[in-house]
Amino acid sequence: MENEDDGGRSSRPSVRELEVLHAVITTRKTTAAAQRLGVSQPAVSRAIGALEARLGRDLFVRDGGRLVPTADAFALDAEAAPIFAALARLSNWPNTPSVGTLLRIFSTPTIAHTFLAPMVTRFLQVEPDTRIQMEIGRSDDAVASVADGTTDLGVLDVKAAHLGVRAEPFRQSVAHVLMPADHPLAAKEAIRPTDIGDSPMIAVTRRFSARARLERAFADEGVEPRTVLESGTVQFLLEMVRSGVGIAVINPFPIAYVAGSGLVFRPFEPLIEYETSFVFPAVGGNLPVARRFVDFVRAEQMNLVPAA
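This section reports on the structure supplied with the text. (Residues numbered from 1 in each chain as written. Predicted model: local features only at pLDDT ≥ 70, side-chain atom pairs only at ≥ 80, totals over all residues. Heavy atoms only, no water.)

What the chain contains, in helices and strands, is ten helices and twelve strands. With the model as given, the accessible surface of the chain reaches about 15700 Å², and the carbon-plus-sulfur share is 53%. (Helix = DSSP H or I, 4+ residues; strand = E, 2+ residues; numbered from the N terminus. Areas by Shrake-Rupley, 256 points an atom, 1.4 Å probe, with all protein chains shown as cover.)

Set out below in structure tokens:
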């Protein structure tokens, strides 16, 4: 029997209210949420007000012109994610092949191109009836996609700070200096900022959290890096180092697998640590095929040998 409050109304949130909740969490504004849903702004406000009254809890607090979700809002949205994932699958059910399982993966360019591509190839050889949908983009977009249930599995090398996901670490690494094999610094066993001095450097752009950690390491030793080029992907950075534009301090995983000859990696000091994780929805995730893929990758990576 459906739960009711003292006034005889159902205490169960409606699907529409949950849709509005997710839209406001995503956009942080009722006007933007209304545009996304194709309704009026007052309708969005009424739906949030009705949902808060029904639950007896505040779901948002105002910060200037933005709405900041409370922990209760995130928790409710995470609980609703499997519902919308199931509805999405049902809406496409007539067009879904009767044989095979769909696995939706979202990862960043470097991990997808240099690490996951061969893994996916071998996995499909083992499970030929599985269909894989591979999305490639920014880490924030990957986390959001996993959290809202449109992706089954994320593979990321940044912290997934979102209540709607849970991370399962699988690879730890530390920063290395990437340089041509004939570079003077290649003779050193480890390299510090003072060793690099004013040598031309290539760095990832500041949207990467690792950039701030690297700059702090240089600042702590009183060295100002001479950054001559910034790159939005590690693949492009690799090619710039190969062409002699400069050297780079990077996470060697997984780019070392495709670096090829002519380049070398040397440990960077002080220590800068990285962690690569599988990211699942906090609630309702971990599909059997996703679990099998994760276990497959864990086993296969033990056999990989870096190219440099």
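Below, the discussion takes up the packing of helix 2 (residues 30-37) against helix 3 (residues 41-55). The N-to-C vectors of helix 2 and helix 3 enclose an angle of 105°; their axes lie 8 Å apart at closest approach. By the criterion of interaxial angle, the relationship of helix 2 to helix 3 is roughly perpendicular. In contact with T30, T31, A33 and A34 of helix 2, helix 3 contributes Q41, V44 and S45. Grouping the constituent residues of the contact of helix 2 with helix 3 by class yields three nonpolar, four polar and no charged. (Axes fitted to C-alpha atoms, helices over the stretch in contact; angles between N-to-C directions. Parallel < 35°, antiparallel > 145°, perpendicular 65-115°, else oblique. Contact = heavy atoms within 4.5 Å. Nonpolar A, V, L, I, M, F, W, Y, C, P; charged D, E, K, R; others polar.)

Position of S139 relative to the elements: it lies in helix 6 (residues 139-147). In this structure S139 comes out as buried when scored by relative accessible area, which is 14%. (Buried < 20%, exposed > 50% of the residue type's maximum accessible area, 1.4 Å probe, protein only.)

Two pairing modes exist for strands in a sheet, parallel and antiparallel, and in both the strands are linked by backbone hydrogen bonds. Strand order in the open sheet formed by five strands is 4-3-5-12-6, with mixed pairing between adjacent strands. Of all strands in the sheet, those with a lone pairing partner are strand 4 (130-136) and strand 6 (165-174), marking the two edges. With direction set aside, neighbouring strand axes in the sheet form an average angle of 20°. Alignment of strand 3 (residues 101-107) against strand 4, held across seven bridges, turns out to be parallel. Bridging across to strand 4, L103 finds its partner in I132. Sheet contacts for helix 5 (residues 109-126): strand 3, strand 4, strand 5 (153-156), strand 6 and strand 12 (273-281); angle to strand 4, the most-contacted strand, approximately 175°. (Pairing = 2+ DSSP bridges.)

Bringing a nonpolar patch on the surface into the picture now. The grouping of V15, I83 and L87 at the surface amounts to a nonpolar patch, some 230 Å² of accessible area in total. Along the chain, I83 falls in helix 4 (residues 71-91). (Patch = residues over 30% accessible without salt bridge, like charges linked within 9 Å, V, L, I, M, F, W, Y side chains within 5 Å. Salt bridge = Lys/Arg side-chain N within 4 Å of Asp/Glu carboxyl O.)

We now examine the packing of aromatic side chains. Per the stated rule, a full pass over the model turns up nine aromatic pairs. A ring pair is formed by F115 and Y257, whose centres lie 6.3 Å apart and whose planes are at 20°; its orientation type is stacked. One end of the pair, F115, is in helix 5; the other, Y257, is in the loop between strand 10 (248-250) and strand 11 (263-267), with 142 residues separating them in the sequence. Per residue, the accessibility class of F115 equals that of Y257, and both read buried. Centre to centre, the rings of F170 and F278 are 4.3 Å apart; their planes meet at 20°, and the pair counts as stacked. Placement of F170 in strand 6 and of F278 in strand 12 is noted, with a sequence separation of 108 residues between them. (Phe/Tyr/Trp six-rings, centres within 6.5 Å; stacked < 30°, edge-to-face > 60°.)

Attention shifts here to the pattern of salt bridges. Within this structure, the stated rule accounts for 18 salt bridges. Among the salt bridges present, the one from R54 reaches E17, with a minimum N-O distance of 2.8 Å. Of the two residues, R54 sits in helix 3 while E17 sits in helix 1 (residues 15-27), which places them 37 residues apart along the sequence. Given a relative accessible area of 8%, E17 falls into the buried group. Where E127 meets R292, a salt bridge forms, and the shortest distance between an N and an O atom there is 2.6 Å. You can see E127 sitting in the loop between helix 5 and strand 4 and its partner R292 sitting in helix 10 (residues 288-301), a full 165 residues away along the chain. Residue class for E127 comes out buried when judged on its relative accessible area of 17%. One salt-bridge network, in which partners are shared between bridges, spans E168, R291, D295 and R298.

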